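The primary structure of each chain is shown beneath.
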Amino acid sequence: MESLFADQDFLEKNSGNNFADIILPVPIPRMFTYRIPKNFQSEIQIGQRVIVQFGKKKILTGIIGKVHNKPPQAYEAKPILDILDVQPSVNPLQIRFWVWMAEYYFCHIGEVMFAALPSGLRLSSESKIQANPNFDLESSPYPLDTREELILEALENQNELSYEDCEKILGVKTIHPILKSLVAKEAILIFEKVQEKYTPKVETRIRLVPAIAKDKNALQAVFEAVQGKPKQESILLKYLRDIPVFNKPHLNEKGLDKATLLEEGDSESSLKTLIKNGVFESFKLVVNRIEEEEPEREASALSSTQQAALEEIKTHFETKQSVLLHGVTGSGKTEIYIKLIQEVLESGSQVLLLLPEIALTTQIVSRLKQVFGSQMGVYHSKYSDNERVEVWNGVLSGRFTFVVGVRSSIFLPFDSLGLVIIDEEHEPSYKQFDPAPRFHARDAAIMLAYFHQARTLLGSATPSFETYFNATQGKYGYVQISHRFGEASMPEYHLANLSADRKKNLLKLDSTRLLREKIQNALENQQQIIIFQNRRGYSPYVQCEDCGWAAECVQCDVSLTYHQFAEELRCHYCGYKEKVPQTCPACGSSQLSTQGMGTERIEESLSLLFPEARMGRMDLDTTRNKYGYQRLLDEFAAGQIDILVGTQMITKGLDFGKVTVVGIWDGDRILNFPDFRAGERAYQQITQVAGRAGRRDIKGQVIIQTRNPENDLFEKVIRGDYFEFFRQEMFDRKKFFYPPFVKLVKITTRHTDFKVAEKAAHALHHQMANLPVKKIVLGPEKGIIARIKNQYQFESLIKLDKAGNTQSVFKEGLSKILEELQSVPEFRSVRWIVDVDPN
DNA sequence: AGCACGCCGACT
DNA sequence: GTCGGCGTGCTC
């Protein structure tokens, strides 16, 4: 008996770890066990990317999550096909973070993986065709037509062909039927060729042949040789201007990019001649897509207020993981960040600075770049796949010790974070809601920092009430800067009464007399004006003036949004679009008009009222492409625009001394936000927009157009009394059970059949009511938008007690409930979407 | 989520 | 007779 155990023990210890649990980017709530072939066993590591077959057809990139030696009981494990990384692309800390995120945000680890890995690190597979070696044309029972023969002929010269190749060979668009027929006749084989998506950037470089570069006489001889050949001479001079081979001989090694060398109109043929004559040589070089830049500037000296804040932050960090820096707009938070970042980098740790997406293209990034140069990586949503992979690999290799990025940059492979800064901490865009994981980047970043034993600094001029609450509870340290940097004073607020003006007939194209006067005044003094329009929950649409018909989406219960620049109607929920009809589809009338006031309409109105002013508009439409945003900013900064009309994005990072007037076109819209955060959001928006006004020597003017000037929210904003506002709001939230006093979970039930969706939502409601946790379950209610993409939806809101293990008990119970409901035949195709901490 | 397998209607 | 509709079950 004993010896048998001993043998088994011996076997287990020495049989090696021949199985791996692998995270795959699929929405199935578990890892998958694969067999590690003998030849890979010594090199396998957690976090490596591997290739596996999944199901019958799919080839996927997976991440090794766990290595062990327990063969699965119920099935035979498939083998790992290949290992993609020598060094893991993902570190164990990240895997812990993924696991946490999947649990907390109630999603599958595969979904987290999918969100975390840049798609360039996943594989692409392309179908290729190959000649079937067993095929013999002579003995084949099936005759081939000429097109099929052409393909086979091509395969005699080339080992493999892609679909595209075949299309070119035959000059047809749809190649699939022909290939299918060839497969049926067993003439060819189709297989999947798996490739890394990421491709290094390769430049053609030109350099002086070393013998010439080292020898003045040789160079002299070359110059004599090109005499009377001005084109060649010009290239040679250009090269020596950029690469002074005798002063800086090392520069010649990497030479000059061919495109740069020829960019001043020099011809390629002249260069070819020079290469042929042995003057230059051409070679290939792998280069970084993200350019190297040396720091140009020192960090600025801090003012005494800033210095004091910095010291205070550091003191808090001695005892607290997180600190809230509450600094009014213009208080110079960036400079404080810079000092802190420098200190952490010098200590050898990494730093992550999170910014909301629209703030990332602005001055703050170029300011940071000036100080930190090429050790700083930028992680953008507008970056290409290849660029993202370079940032990822740059963090892995240590090239980037500091990253500035959007919410998804929390997934980068940091291994020793010392500090995470979340700027504009209150921004709702930090919450991801469309595909799972529905995470809040601020909260996730705090957890990430905790895993790294790093510090977190939350910065905002208008902190979210959750964060401020944590500060008042002593959970976060709290540092306040209540003065603007330099001399700038706080702006002056005016409420412009829309109703009163309308009655007195003073309204012109929806603008009040007060707003017009302030604009006029600013224009006369060569000052700039910003007009803000909140677009949330509201967009311009087209309506028939005769019958009242309005264009609606075919798949969703919403009206279509009018986009002037493309003369199109679009659905903001599913992306459906159509041309604006000439006549009303319902009654045939041609009296179609645009309703509602988008930024486009405001721009139009203002240019009618101020024909001499130069207008600019900044919204999703005008900034869609990579440089649209920057171009507008540059024009505005250069004073080429007098009035800038824009949505949320103008509240971010604009810092121009010539803006003295900020107009809020429709203040009421800001008030009517349909949830418990309405007041908080209104306060934040107005304060943020107002922060753009009057930053240097001139006092800013903020004009809010409203029908409800008596609303006390305006009064609180005008008094700038964040604390009083917070206090009152907390009173209500406690009374009505809202965060931060409870934890919210929103569950959406979706189905194509209204009745089924309703029934499923109610079934869920009843099941949840039985869970043994302290909670309040609201709903189910018909979604604010009843139907999206042809799916009807119902929403339930659960308020969980924050104490103890309520959350984990609830989530476990919820998993079981959903599993059971999903197995009811009727609810088979019902979709449930769970959103933890919804916006 | 895909994708294959399987069982019932309108077409060559 | 077949192509193809989408219900349902599975993926190591």
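The present account deals with the structure reproduced in this document. Computed from a predicted model, the values in this text were never measured in an experiment.

Cut-offs used in this document
Residues numbered from 1 in each chain as written. Chains lettered and ligands numbered in written order. Predicted model: local features only at pLDDT ≥ 70, side-chain atom pairs only at ≥ 80, totals over all residues. Heavy atoms only, no water. Helix = DSSP H or I, 4+ residues; strand = E, 2+ residues; numbered from the N terminus. Contact = heavy atoms within 4.5 Å. Areas by Shrake-Rupley, 256 points an atom, 1.4 Å probe, with all protein chains shown as cover. Lys, Arg positive; Asp, Glu negative; His and termini not counted. Charge placed at Lys NZ, Arg CZ, Asp CG, Glu CD. Near = heavy atom within 4 Å. Polar contact = N/O pair within 3.5 Å; in protein donor to acceptor, adjacent residues only side chain to side chain. Nonpolar A, V, L, I, M, F, W, Y, C, P; charged D, E, K, R; others polar. Pairing = 2+ DSSP bridges. Axes fitted to C-alpha atoms, helices over the stretch in contact; angles between N-to-C directions. Phe/Tyr/Trp six-rings, centres within 6.5 Å; stacked < 30°, edge-to-face > 60°. Buried < 20%, exposed > 50% of the residue type's maximum accessible area, 1.4 Å probe, protein only. Lys NZ or Arg CZ within 6 Å of the ring centre and 35° of its normal. Salt bridge = Lys/Arg side-chain N within 4 Å of Asp/Glu carboxyl O. Core = buried A, V, L, I, M, F, W, Y, C linked by side-chain atoms within 4.5 Å. Parallel < 35°, antiparallel > 145°, perpendicular 65-115°, else oblique. Left-handed = near helix turned anticlockwise from the far one by under 90°. Patch = residues over 30% accessible without salt bridge, like charges linked within 9 Å, V, L, I, M, F, W, Y side chains within 5 Å.

1. What about the overall build of chain A?
Assigned secondary structure in chain A consists of 28 helices and 33 strands. Taking the intrachain contacts of chain A between residues at least 6 apart in sequence as the baseline, contacts between residues at least 24 apart amount to 74%. About 40,400 Å² of surface is accessible on chain A, with carbon and sulfur atoms providing 50% of the total. Charged side chains in chain A number 104 positive and 108 negative. The centres of these two groups are separated by 3 Å.

2. Examining the protein's contact with DNA strand C
In the vicinity of DNA strand C, the contacting residues are Ile 28, Arg 30, Phe 32, Thr 33, Tyr 34, Gln 53, Phe 54, Gly 55, Tyr 75, Ala 77, Lys 78 and Arg 828. Between DNA strand C and the protein, one listed contact pairs a base nitrogen with a side-chain N or O atom of Arg 30 at 3.0 Å. Contact between DNA strand C and Lys 78: a phosphate oxygen at 2.4 Å from a side-chain N or O atom of the residue. Counting only elements with at least two residues in the surface near DNA strand C, the list comes to strand 2 (32–35) and strand 3 (49–54). Counting residues per element, the surface near DNA strand C draws most heavily on strand 2, which supplies 3 residues. Class assignment for the residues of the surface near DNA strand C results in 6 nonpolar, 3 polar and 3 charged.

3. Here's the deal with the environment of Arg 241
On the secondary structure map, Arg 241 appears in helix 9 (residues 230–242). Residues Arg 241 and Gln 453, spaced 212 residues apart in sequence, show a C-alpha to C-alpha distance of 50 Å.

4. Considerations on the sheet that holds strand 20 (residues 528–532)
The strands making up a sheet associate through hydrogen bonds between their backbones, and the pairing can be parallel or antiparallel. Pairing in this open sheet of 6 strands is parallel, and the strands run 19-29-28-20-27-26 from one edge to the other. Every interior strand has two partners, whereas the edge strands, strand 19 (492–497) and strand 26 (615–618), have only one. This sheet shows a mean twist of 20 degrees between the axes of neighbouring strands, independent of strand direction. In this sheet, strand 27 (residues 643–646) lies alongside strand 26 in parallel orientation, the contact comprising 4 bridges. In the strand pairing of strand 27, Arg 617 is matched with Val 645.

5. Concerning the packing of aromatic side chains
Within this structure, the stated rule accounts for 26 aromatic pairs. Both rings, one in Phe 97 and one in Trp 100, keep their centres 5.9 Å apart while their planes meet at 10 degrees; by these two values the pair is stacked. Note that Phe 97 and Trp 100 are positioned in helix 2 (residues 92–104) at a spacing of 3 residues, about one turn of the helix. By relative accessible area, which is 15% here, Trp 100 ends up buried. When the centroid spacing of 6.3 Å and the interplanar angle of 45 degrees are considered together, the rings of Tyr 450 and Phe 451 count as tilted. By relative accessible area, Tyr 450 is classed as partly exposed at 46%. With relative accessibility at 13%, the residue Phe 451 sits in the buried group. The ring of Phe 114 carries the charged tip of Arg 122 above its face, separated from the ring centre by 4.0 Å.

6. Topic: the pattern of salt bridges
Any two side chains of opposite charge can pair if their charged atoms end up close together. Scanning the entire structure with this criterion turns up 29 salt bridges. For Arg 289, the salt bridge is made with Glu 390, and the minimal N-O distance between the two is 3.1 Å. Highlighted residues: Arg 289 in the loop between strand 11 (280–287) and helix 13 (304–319) and Glu 390 in helix 16 (residues 385–397), separated in sequence by 101 residues. For the salt bridge of Glu 335 with Arg 367, the shortest nitrogen-to-oxygen distance reads 2.9 Å. Of this pair, Glu 335 sits in helix 14 (residues 333–346) while Arg 367 sits in helix 15 (residues 363–372), and the two are 32 residues apart along the sequence. Of the two residues, Glu 335 and Arg 367, both sit in the buried class.

7. Focus: the nonpolar core
Counting 139 residues, the largest nonpolar core has Phe 97, Trp 98, Met 101, Phe 402 and Ile 410 as the members making the most contacts within it. Other than its neighbours up to four places away in sequence, Met 101 contacts Phe 106, Cys 107, Val 112, Ile 410, Phe 411, Pro 437, Phe 439 and Ala 444. With 22 residues, the next largest nonpolar core counts Ala 213, Val 226, Ile 243 and Leu 262 among its residues.

8. Section: the packing of helix 27 (residues 754–769) against helix 28 (residues 806–823)
Pairs of packed helices are described in terms of their axes, by the angle between the two and the distance that separates them. Remark: helix 27 packs on helix 28, axes separated minimally by 10 Å, with the N-to-C direction vectors making an angle of 140 degrees. With respect to their mutual orientation, helix 27 and helix 28 come out oblique. Pair helix 27 / helix 28 crosses with right-handed handedness. On the side of helix 27, the interface is formed by Ala 763, Leu 764, Gln 767 and Met 768, while helix 28 contributes Phe 810, Leu 814, Ile 817, Leu 818, Glu 820 and Leu 821. Within the contact of helix 27 with helix 28, the residues separate by chemical class into 8 nonpolar, 1 polar and 1 charged.

9. As for helix 21 (residues 599–609)
At 3.6 residues per turn, the α-helix brings residues three or four places apart onto the same side. Looking at helix 21, one finds that the buried residues are Thr 599, Glu 600, Ile 602, Ser 605 and Leu 606. Tucked inside the fold, the buried residues of helix 21 contact helix 20 (513–524), strand 20, strand 22 (561–563), strand 26 and strand 27.

10. Thoughts on the protein's contact with DNA strand B
The environment of DNA strand B is made up of Pro 27, Ile 28, Lys 57, Lys 58 and Arg 831. Each atom of DNA strand B within 4 Å of the protein belongs either to a base or to sugar and phosphate, the latter forming 75%. For the surface near DNA strand B, the class distribution of residues is 2 nonpolar, no polar and 3 charged.

11. Section: a negative patch on the surface
A contiguous patch of negative charge, built from Asp 145, Glu 149, Glu 153 and Glu 156, is present on the exposed surface. The class of Glu 156 is exposed, set by a relative accessible area of 67%.

12. Things to note about the side chain of Arg 438
You can see Arg 438 is positioned in the loop between strand 16 (417–423) and helix 17 (441–452). Each residue touching Arg 438, except ones within four places of it in the same chain, is listed here: Tyr 105, Lys 431, Gln 432, Phe 433, Ile 833, Val 834, Asp 835 and Val 836.

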